[in-house]
Amino acid sequence: MTQHSRDTPQFYLTAPSPCPYLPGRQERKVFTHLVGDKAADLNDLLTHGGFRRSQSIAYRPACDQCRACVSVRVIANEFRPSRNFRKVLAGNADIVGEQRSAVPTSEQYSIFRAYLDQRHRHGGMADMTVLDYAMMVEDSHVETRIIEYRRRDTGASGRSGDLIAVALTDVLSDGLSMVYSFFEPNERSRSLGTFMILDHIARARRQGLPYVYLGYWIEGSKKMDYKGRFLPQQRLAPSGWLRVDASGDAASEPQD
C-alpha cells in the first residue's frame, strides 16, 4: 500500500444539514485540515479554488443539485466607490483601523457577544463562549491579522478611542481574505460591515495585493447578496474566475 505523506491533504464530506441561507435546502461541505509547515501555501491554493478558512479547517460547499454559493473577490486596484459607498466612508471618517496580531481580547469578545445576541441569536455561532472566540482567533496556521476599528480620540492624549468593530483577516499571496467581521450593533446607521470591506479594499491596494476575498455571494440571500455590490469583482465559475463589471454581467473568459 502507498503511504500518504503527512503533508498531503485528506478531504472529507459532511452529512447533509439544513442550509442557513436558502430555506428548504440542504447543505454539504467538503473540508480538510490546514496544519503543518505548508498550511499557508495550501490555504492560498484552496482559496483560489473557492474554499474558505475557519480556524484550522478549509471548507467549500458541496451541495447536491445546488450551486448557489459563489466565491467572490473584489479587484482592489480597479474598485471605485459609488456615491453610496462614499457616503459610508464619510460617515465613518472618525473611525481609525489598526492592524494587530491575531490575539483575542475581552474588549473584542464584548462586541462579538453583543453582535451575535442582536443580529445572529439563532445562528450556528450563537452559543460561542469567550474560549470559543479565542479559538476562532488563535487557531490559525496561516498569516492572520486582527483589524480593530476605533473611534478617533480628539483629545490631547492621542490615545485611540472605544473599539467599535473588528475584522479577522488572512493575508494571502494575492490578497486579503476577510474570514469574519463583527461590530457594535447599536451603531447600525454607520453601515460598519460595508465600511470594513471598503477599508480592506484600500488596504489591499496600499499593500500591492490585487484582490479582497469576501467569501460566498448567494443571489437571493439577504445575508449574502450584498457582496455583489462591490464591483468590479471576479466570481468563481466551473471555467475559472469570471470578471463582473458595474453592469452586473460576467465576462465570457476566465481571469487569472
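Residues numbered from 1 in each chain as written. Predicted model: local features only at pLDDT ≥ 70, side-chain atom pairs only at ≥ 80, totals over all residues. Heavy atoms only, no water.

Before going further, it helps to examine the packing of helix H2 (residues 83-91) against helix H5 (residues 192-206). Packed helix pairs are characterised by how far apart their axes lie and by the angle those axes make with each other. Remark: H2 packs on H5, axes separated minimally by 10 Å, with the N-to-C direction vectors making an angle of 95°. What the angle tells us is that H2 and H5 run roughly perpendicular. Contacts from Phe85, Val88 and Leu89 of H2 reach H5 at Thr194, Phe195 and Leu198. Of the residues contributing to the contact of H2 with H5, the split by class is five nonpolar, one polar and no charged. (Axes fitted to C-alpha atoms, helices over the stretch in contact; angles between N-to-C directions. Helix = DSSP H or I, 4+ residues; strand = E, 2+ residues; numbered from the N terminus. Parallel < 35°, antiparallel > 145°, perpendicular 65-115°, else oblique. Contact = heavy atoms within 4.5 Å. Nonpolar A, V, L, I, M, F, W, Y, C, P; charged D, E, K, R; others polar.)

Looking now at the confidence of the model for the protein. Chain-level statistics for the protein give a pLDDT mean of 90 and a share of 89% at 70 or above. By mean pLDDT, strand E15 (residues 250-255) is the weakest element of the protein at 51, and H5 is the strongest at 98. (pLDDT = per-residue confidence, 0-100.)

Taking strand neighbours across the sheet as the criterion, the four strands line up as E1-E4-E6-E5 in an open arrangement whose pairing is antiparallel. Whereas interior strands pair on both sides, the edge strands pair on one side only; in this sheet they are strand E1 (12-13) and strand E5 (52-54). Sheet topology places strand E4 (residues 29-33) next to strand E6 (residues 57-61); five bridges connect them, and they run antiparallel. Looking at the pairing, lysine 29 lines up with proline 61 of E6. (Pairing = 2+ DSSP bridges.)

The next thing to look at is the side chain of threonine 194. Turning to its location among the elements, threonine 194 is positioned in helix H5. A polar contact of 3.5 Å, which involves the side chain of threonine 194, links it to the side chain of arginine 229. If we skip the residues at most four places from it in the chain, threonine 194 touches Phe85, Val88, Arg229 and Phe230. (Polar contact = N/O pair within 3.5 Å; in protein donor to acceptor, adjacent residues only side chain to side chain.)

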